Amino acid sequence: MTIKESIDKNQLKAHQALYDEMDFSCQYSDNLPAIFKQLNISVAFTSYQAGRLMLVRSDGKKLDVNFKSFTRPMGLSATEQGLTLGIFTQVMHFQREDGLLEKIKKPLKKIEDDITAPRIKLKESDHKYSEATVEGQKVTEAKDEPTEAEKKQRDYDESLYAPVDERVDACFITRASHYTGMINIHDIGWGDEGLWAVNSSFSCLCTIEPDFSFVPHWKPHFISELVPEDRCHLNGMTLRDGKPAYVTTFSTFNEGAMWRKSKEFNGTLMDVASNEILVDGLAMPHSPRWYRDKVYFCNSGEGQVCTYDPATGQLETIIEVPGFTRGIAFYGQFMLLGLSRVRASDVTSPAPLAKKYEHTFSGVWLVNLDDNSIVGSVSFTGNVDQIYDVAVLADCSFPEIIEPSHPRMRNHFCYPPLSSSTAELAHKDHPHVR
């Protein structure tokens, strides 16, 4: 399989001020653009180390890897309605609003020309000259010439007002945010009772509800109390029939962060309903996912993806790769698998993977589940070392995300039509309303 270089030079130039310290260079298999375009999917994944939510987009001929900045992005959940992301102290939801496609493909008005914000003016600091008052007299002072970093930041700010890429075929815009505090959020997923999250700090599963930081619902039987001590490193979760069904932990310790100090690997796959351990002795497991009547999960420290059949109790390793496996998503016969490079960490026992391979990889691999073969990969060649979660965005091959800090949030509105009952009420109370 041949390799093509994938790096958007214009995108890097526009965003250089924001990530001078990061090298986002990557390579990808030459068959992936056509595959993703034919399937009409794109791939979203998170890197807490790089502080980015990333989108792998395809026009059928080449891939475009797009970056959005967030603080410690972790768990992802994709539905037909949108994409939900867990970050440092928040959970954020991006609603899919393709009705905005025409608007985001046009230039954005500057705020002083926008009728939705008529009183907003440029700050004096935005002009070449600023006015200062000295002893009651206005004095015009020339500002210092901008630094190279300031010029780059200005270029990036200007780029936000430009139309998005013409190839964009889906729009995800920030719709809601909930502040959880630093619960060390890991996997998330939408179920019958709303949004579920793995709360690693408190060693529990919780739901996200507006009146609380979080609402705890379940903890492993070996955890005695809910305290923010990350006792067993509960990290992974999958739902089945709308309810949390299986989780992964690094250990069964009931003492603050003791899992970091252990010399042995005793990670578990657990059944939530019975609160029982199904598999133990795992090396840093992550990302349990219910699919095709089995639990798929990463035995990350060994670079493996395994399956567990709850009907038979059979455990099987289906693939082993040169990377710390973490993050799984499915689409039909395909599995999208995240890989991370083995890194130095503050745990006593490093991942066994480090002894197996001289070099490990970071990126996303495409696996055909019919024969567990590797179809292709996107691999970072710079210093993006860690991938956490992976999600598939269906029915779009070139999406765009409008993040909360983007100036387009100012006047890109989505709302339902005025209902007939509401209109009749308004006319009754205010006959002049038409």
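Residues numbered from 1 in each chain as written. Predicted model: local features only at pLDDT ≥ 70, side-chain atom pairs only at ≥ 80, totals over all residues. Heavy atoms only, no water.

Student: What is the right way to read the sheet that holds strand β4 (residues 52-58) from this model?
Tutor: Consider a sheet: its strands pair through backbone hydrogen bonds, and that pairing is either parallel or antiparallel. Strands sit in the order β5-β4-β3-β28 across an open sheet of 4 strands; the sheet is antiparallel. Of all strands in the sheet, those bounded by a partner on one side alone are β5 (63-69) and β28 (390-394). Sheet twist, expressed as the mean angle between neighbouring strand axes with direction ignored, is 25 degrees. Of the strand pairs in this sheet, strand β3 (residues 41-47) and β28 are connected by 5 bridges, and their pairing is antiparallel. (Pairing = 2+ DSSP bridges. Helix = DSSP H or I, 4+ residues; strand = E, 2+ residues; numbered from the N terminus. Axes fitted to C-alpha atoms, helices over the stretch in contact; angles between N-to-C directions.)

Student: Would you mind showing me how to read unusual backbone geometry here?
Tutor: Peptide bonds are, in most cases, trans, and in most cases residues other than glycine have a negative phi. Positive phi, close to 55 degrees, is recorded for asparagine 184, a residue that is not glycine. Relative to the helices and strands, asparagine 184 is located in the loop between β11 (170-179) and β12 (185-191). Look at asparagine 184 and you get buried, because its relative accessible area is 9%. Even without a glycine there, the phi angle at serine 203 is positive, about 55 degrees. (Buried < 20%, exposed > 50% of the residue type's maximum accessible area, 1.4 Å probe, protein only.)

Student: Looking at this structure, how should I read helix α2 (residues 32-39)?
Tutor: Side chains of residues three or four places apart in an α-helix project in the same direction, reflecting 3.6 residues per turn. Those residues of α2 lying buried are Leu32, Pro33, Ile35 and Phe36. Down the axis, α2 shows its buried residues gathered within 165 degrees of arc, on one side only. One or two residues past the end of α2 sits asparagine 40, with phi positive at roughly 60 degrees. (Arc of directions from axis to C-beta.)

Student: How should the sheet that holds β12 be read in this particular structure?
Tutor: Reading across from one edge, β12-β13-β14-β15 is the order of the 4 strands in this open sheet, with antiparallel pairing throughout. At either margin of the open sheet sits one strand with a lone partner, and together these are β12 and β15 (215-218). Adjacent strand axes in the sheet meet at a mean angle of 35 degrees, parallel and antiparallel pairs treated alike. Relative to β15, strand β14 (residues 204-207) runs antiparallel, the two sharing 3 bridges. Within the sheet, the bridge partner assigned to threonine 207 lies in β15 and is valine 215.

Student: How do you make sense of the packing of aromatic side chains when you look at a structure like this?
Tutor: Aromatic ring pairs are described here by two measures, namely the spacing of the ring centres and the angle between the planes. The full count for this structure, using the stated rule, is 10 aromatic pairs. An aromatic cluster of at least three residues, connected via ring pairs, comprises Tyr291, Tyr296 and Phe330. The aromatic ring of tyrosine 161 is capped on one face by lysine 110, whose charged end is 4.9 Å from the ring centroid. (Phe/Tyr/Trp six-rings, centres within 6.5 Å; stacked < 30°, edge-to-face > 60°. Lys NZ or Arg CZ within 6 Å of the ring centre and 35° of its normal.)

Student: What exactly am I supposed to notice about the pattern of salt bridges here?
Tutor: Side chains carrying opposite charge are able to pair once their charged atoms draw close together. Within the structure shown, the criterion is met by 19 salt bridges. The partner of aspartate 98 in a salt bridge is arginine 96, with the nearest N and O atoms 3.0 Å apart. You can call aspartate 98 partly exposed: its relative accessible area is 30%. Given the relative accessible area of 19%, arginine 96 is considered buried. It is possible to trace a salt-bridge network through shared partners that takes in Arg57, Asp64, Lys68, Glu400 and Glu403. (Salt bridge = Lys/Arg side-chain N within 4 Å of Asp/Glu carboxyl O.)

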